[in-house]
Amino acid sequence: VFASPCQAAIPPHGAPDGGDGDLELSAVRHQPEGLEQLQAQTKFTKKELQSLYRGFKTECPSGLVDEETFKLIYSQFFPQGDATTYAQFLFKAFDVDGNGAICFQDFVVGLSVLLRGTVREKLRWAFNLYDINKDGCITREEMLQIMKSIYDMMGHCTYPILKDNAPEEHVEKFFQVRVVRRRAEVAEDEEGKGEGPEEPGEPGWGDAAATATGR
């Protein structure tokens, strides 16, 4: 689901590269961060960053990708369906500063999390994707919007063939499981510590489910 237009440009660790030297910072109007700084911010090697940069520069010579361009590029990877809406959500997740454009730094930092981040880092990134209005909680409606966009992107080429209400069933099942687990956690906490106010847990999927269900 999180496939990236430039993901294929990443060479295996240790693979030989064309060797363009350091990033060609003067080749675009928007200059990315220095190579060493990008290495510190990501889990890519120098050669991988160089390869990614060449691919990024080819697709967007200005050094910035706007939302419409991102949709066009991303849709090429899912010709069997309509990836427009999901690409819009994905664009907003990469556009961390909300300025309406993705620069090379935005792109590689996000890609690094998706490909080589820890489970916790990937969950945080996914939470940000699903939290459409960025209020720190994921509602049923937000999750349903994302799920519908994913099913639209997959098109009708899935097996077995999905029912029309598959997105709704998927979301409802998720929230039912989270609410049950949340209640079990609260019960264990009360049993172990006695009656009293519940101690706040770490924000995450459970809190989103509880908020969405009015608990």
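Residues numbered from 1 in each chain as written. Predicted model: local features only at pLDDT ≥ 70, side-chain atom pairs only at ≥ 80, totals over all residues. Heavy atoms only, no water.

Caption draft 1: Seen up close, the packing of helix 4 (residues 84-94) against helix 7 (residues 140-154). Orientation of helix 4 relative to helix 7, taken along the N-to-C sense of each, is 130 degrees, at an axis distance of 7 Å. Relative to helix 7, the element helix 4 is oriented oblique. Between helix 4 and helix 7 lies a crossing whose hand is left-handed. On helix 7, the residues touching T85, Y86 and F89 of helix 4 are Q145, I146, S149, I150 and M153. (Axes fitted to C-alpha atoms, helices over the stretch in contact; angles between N-to-C directions. Helix = DSSP H or I, 4+ residues; strand = E, 2+ residues; numbered from the N terminus. Parallel < 35°, antiparallel > 145°, perpendicular 65-115°, else oblique. Left-handed = near helix turned anticlockwise from the far one by under 90°. Contact = heavy atoms within 4.5 Å.)

Caption draft 2: Structural context of the UniProt feature "domain: EF-hand" (unreviewed entry) in the protein. Taking the numbering used here, the UniProt-annotated feature "domain: EF-hand" (unreviewed entry) corresponds to residues 82-117 and 118-153. Annotated as residues 118-153, this span is 72% helix and 0% strand, and its ends, taken at the C-alpha atoms, are 26 Å apart. (UniProt positions renumbered as here; feature names shortened; annotations may be inferred.)

Caption draft 3: Summary view of the packing of aromatic side chains. Under the defined criterion, the tally for this structure stands at eleven aromatic pairs. Measuring from ring centre to ring centre gives 5.7 Å for F56 and F107, while their planes differ by 35 degrees; the resulting arrangement is tilted. Linking F56 in helix 2 (residues 46-59) with F107 in helix 5 (residues 104-116), this pair joins segments that are 51 residues apart in sequence. In terms of burial, F56 and F107 fall into one category: buried. Aromatic side chains F70 and F94 sit 6.3 Å apart centroid to centroid with 50 degrees between the ring planes, which places their arrangement in the tilted category. Here F70 is found in helix 3 (residues 67-75), whereas its partner F94 is found in helix 4, with 24 residues between them in sequence. Of the two residues examined, F70 and F94, each falls in the buried class. Counting every residue linked through ring pairs, the aromatic cluster contains Y53, F56, F70, Y74, F78, Y86, F91, F94, F104, F107 and W125. (Phe/Tyr/Trp six-rings, centres within 6.5 Å; stacked < 30°, edge-to-face > 60°. Buried < 20%, exposed > 50% of the residue type's maximum accessible area, 1.4 Å probe, protein only.)

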